[in-house]
Amino acid sequence: AQHLLLIAPPTEYSAFATLCAPARWSLIVAGADEVISTAAILTWAKTQCPPTHFLNVENASHFFHGQLHTLKDFVYQYFNQSENPWPLK
């Protein structure tokens, strides 16, 4: 993979906690996640190289109900940047 996009990753699970993010990765977290602790995700992220792009959807739940347009816009904007080697067409 050239780039990894993580959305509300399960960093509290021991098998995940030992994984290392690649050099190019992006992270989206839900500020009101009721399944995975946002604080735990951010703590794990601090052990990695900084994400290429980061989005915290403040009032979103784990499943981003009512916020899917926010996720779509974030992903769409990233994958359509001029310096991106593989833009969406």
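First things first, this report covers the structure right here in the doc. (Residues numbered from 1 in each chain as written. Predicted model: local features only at pLDDT ≥ 70, side-chain atom pairs only at ≥ 80, totals over all residues. Heavy atoms only, no water.)

Attention shifts here to the sheet that holds strand S3 (residues 53-57). If you trace the three strands from one edge of the open sheet to the other, you get S1-S2-S3, paired in parallel fashion. On the outer flanks of this sheet lie strand S1 (4-7) and S3, each paired with one strand and no other. Neighbour-to-neighbour, the strand axes of the sheet open up by a mean angle of 5°, direction not taken into account. With five bridges connecting them, strand S2 (residues 25-30) and S3 associate as parallel partners. Residue pairing across strands places Leu 27 opposite Phe 54, the latter belonging to S3. Of the strands in this sheet, S1, S2 and S3 are in contact with helix H2 (residues 38-45), which crosses S2 at around 160°. (Pairing = 2+ DSSP bridges. Helix = DSSP H or I, 4+ residues; strand = E, 2+ residues; numbered from the N terminus. Axes fitted to C-alpha atoms, helices over the stretch in contact; angles between N-to-C directions. Contact = heavy atoms within 4.5 Å.)

Overall, the coordinates contain one salt bridge when judged by the stated rule. A salt bridge links Lys 72 to Asp 73, with the nearest nitrogen and oxygen atoms 3.5 Å apart. (Salt bridge = Lys/Arg side-chain N within 4 Å of Asp/Glu carboxyl O.)

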